[in-house]
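Observations on the model geometry
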Amino acid sequence: MRWDLPPLVAGFALGLAAVLALGAAQPSAQRAAAGAQLPSARPAPADPGCQVAAERLAGEVLVAGLPGVLAPNHPLVADLVNLQVGGVLIEKSNVRNAAQVRRLVGAMRDGSDRPLLVTTDEETGRVSNFGEVLGRFSAARTLAKRGSPADVERFARQLGVELANLGMDVVFAPVADVDDGPATGMIGDRSFSGDPEEAGAYALAYARGLWSGGVLPAPKHFPGAGRARAPAAGELPRVDAAPGELRGHDLGPFRAQIRAGVRMLMVGNVVVEAVDPQQPVRGRR
């Protein structure tokens, strides 16, 4: 069964580095040799309109956090609205109770002249920003052991309804990583299963439930962080699996999400050696 999701607000990205290049290209050597007029040594004055457009575009691709902000009249709320960011991330430090969250989100939406994407992490289990408001729930691994994918979908649908009522648009969940290691590991019991097919079935059920409840799911941590080695101090986790292992094991649940129509994946903040042994795949943990 394929499920259709609407396109995201244009320009949204999380953890995206935007490089904006302004100015005109220099004429080629061929044009110069043919007598084309060379540009003046004095730089042309900057076009204020172009600068404003660039700043606006830069803001559109950012989802910014509000560390410790609870009140809608906090200066940072006005700052982010004025910067015209594309979205905001609601975390535990922004949550006191349901009414307070709605006021905070409402103030940002009212102040923004564009649709604002409101995002959060809510996996269930140990990664929860709304546990004090919505209650504490079992980890993904426990949910899979106790119930069927249909049970997990019903659970996630109700969670989606409650998060939508709090003003959330995007939930960075479910965890689609494959991991049957210690529960307290980096992924651990955040994963539904150590079996790729089972992990994929439960993660897809969770994603469908969130969507039918009214929020957009963002399965994570692509291309798979279940087998990541624990990092040394100051280093990022590393995945040293061969490309064939990644395709046959880690990527399976993400492939299922994409085929089902998911419109967003969160990438893992890990070094995947089969992709690049030096540079990390940038994302949120």
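Residues numbered from 1 in each chain as written. Predicted model: local features only at pLDDT ≥ 70, side-chain atom pairs only at ≥ 80, totals over all residues. Heavy atoms only, no water.

Comments concerning the overall build of the chain
- Across its full length, the chain carries 10 helices and 11 strands.
- A burial count over the chain gives 43% of its 285 residues as buried.
- Of the contacts made within the chain by residues no fewer than 6 positions apart, 74% connect residues no fewer than 24 positions apart. (Helix = DSSP H or I, 4+ residues; strand = E, 2+ residues; numbered from the N terminus. Buried < 20%, exposed > 50% of the residue type's maximum accessible area, 1.4 Å probe, protein only. Contact = heavy atoms within 4.5 Å.)

Quick word on the pairing of strand S2 (residues 87-90)
- Residues Gly87 and Leu89 point to one face of S2 and Val88 and Ile90 to the other, with burial holding for every one of them.
- Bridge analysis of strand S1 (residues 63-65) against S2 gives 3 bridges, and the strand direction is parallel. Note that in S2 the partner of glycine 65 across the bridge is leucine 89.
- As a crossover connection, the stretch from S1 through helix H3 (residues 75-83) into S2 is right-handed.
- Sheet topology note: the S2/strand S3 (residues 117-120) ladder contains 4 bridges and is parallel. (Pairing = 2+ DSSP bridges. Right-handed = clockwise from strand over helix to strand, strands pointing away.)

Some details on the pattern of salt bridges
- Applying the stated criterion across every chain yields a total of 12 salt bridges.
- Through salt bridges with shared partners, a single network forms among Asp121, Glu123, Arg190 and Lys220. (Salt bridge = Lys/Arg side-chain N within 4 Å of Asp/Glu carboxyl O.)

Notes on the pairing of S3
- Burial along S3 is two-sided: the face carrying Leu117 and Thr119 and the face carrying Val118 and Thr120 are both buried.
- The parallel pair S2 and S3, bridged by helix H4 (residues 98-111), forms a crossover whose chirality is right-handed.
- As judged from the 2 bridges shared by S3 and strand S6 (residues 170-171), these two strands associate in the parallel manner. Residue threonine 119 lies in a different strand from S6, and its bridge partner there is valine 170.

Section: the sheet that holds S1
- Strand order in the open sheet formed by 5 strands is S1-S2-S3-S6-S7, and the pairing between neighbours is parallel. On the outer flanks of this sheet lie S1 and strand S7 (216-217), each paired with one strand and no other.
- On top of the sheet, H4 reaches S2 and S3; it is set at about 170 degrees to S2, its chief contact. (Axes fitted to C-alpha atoms, helices over the stretch in contact; angles between N-to-C directions.)

As for the environment of valine 105
- Tracing the backbone shows valine 105 in helix H4.
- Overall, valine 105 belongs to the buried group, its relative accessible area being 3%.
- Put simply, valine 105 and leucine 166 are 61 residues apart on the chain and 8.2 Å apart in space, counted from C-alpha to C-alpha.
- Once residues within four sequence positions are removed from consideration, valine 105 is found in contact with Ile90, Val118, Leu166, Gly167 and Met168.

Topic: the packing of helix H9 (residues 243-250) against helix H10 (residues 252-260)
- At a minimum axis distance of 5 Å, the contact between H9 and H10 shows a crossing angle of 60 degrees. Classed by the angle they form, the pair H9 and H10 counts as oblique. Taken together, the residues of H10 that come into contact with H9 (itself represented by Arg247, His249 and Asp250) are Gly252, Pro253, Phe254 and Arg255.
- Looking at the contact of H9 with H10 residue by residue, the class counts come to 2 nonpolar, 2 polar and 3 charged. (Parallel < 35°, antiparallel > 145°, perpendicular 65-115°, else oblique. Nonpolar A, V, L, I, M, F, W, Y, C, P; charged D, E, K, R; others polar.)

Comments concerning the packing of aromatic side chains
- Counted according to the given criterion, the structure contains 5 aromatic pairs.
- Centroid distance phenylalanine 137 to phenylalanine 155: 5.1 Å. Interplanar angle 75 degrees. Geometry classified as edge-to-face. Placement of the pair is phenylalanine 137 in the loop between helix H5 (131-134) and helix H6 (140-146) and phenylalanine 155 in helix H7 (residues 149-165), with a sequence separation of 18 residues.
- When its relative accessible area of 31% is taken as the criterion, phenylalanine 137 is described as partly exposed.
- Between phenylalanine 155 and tyrosine 206, the ring centres sit 6.4 Å apart and the planes meet at 55 degrees, which makes this aromatic pair tilted. (Phe/Tyr/Trp six-rings, centres within 6.5 Å; stacked < 30°, edge-to-face > 60°.)

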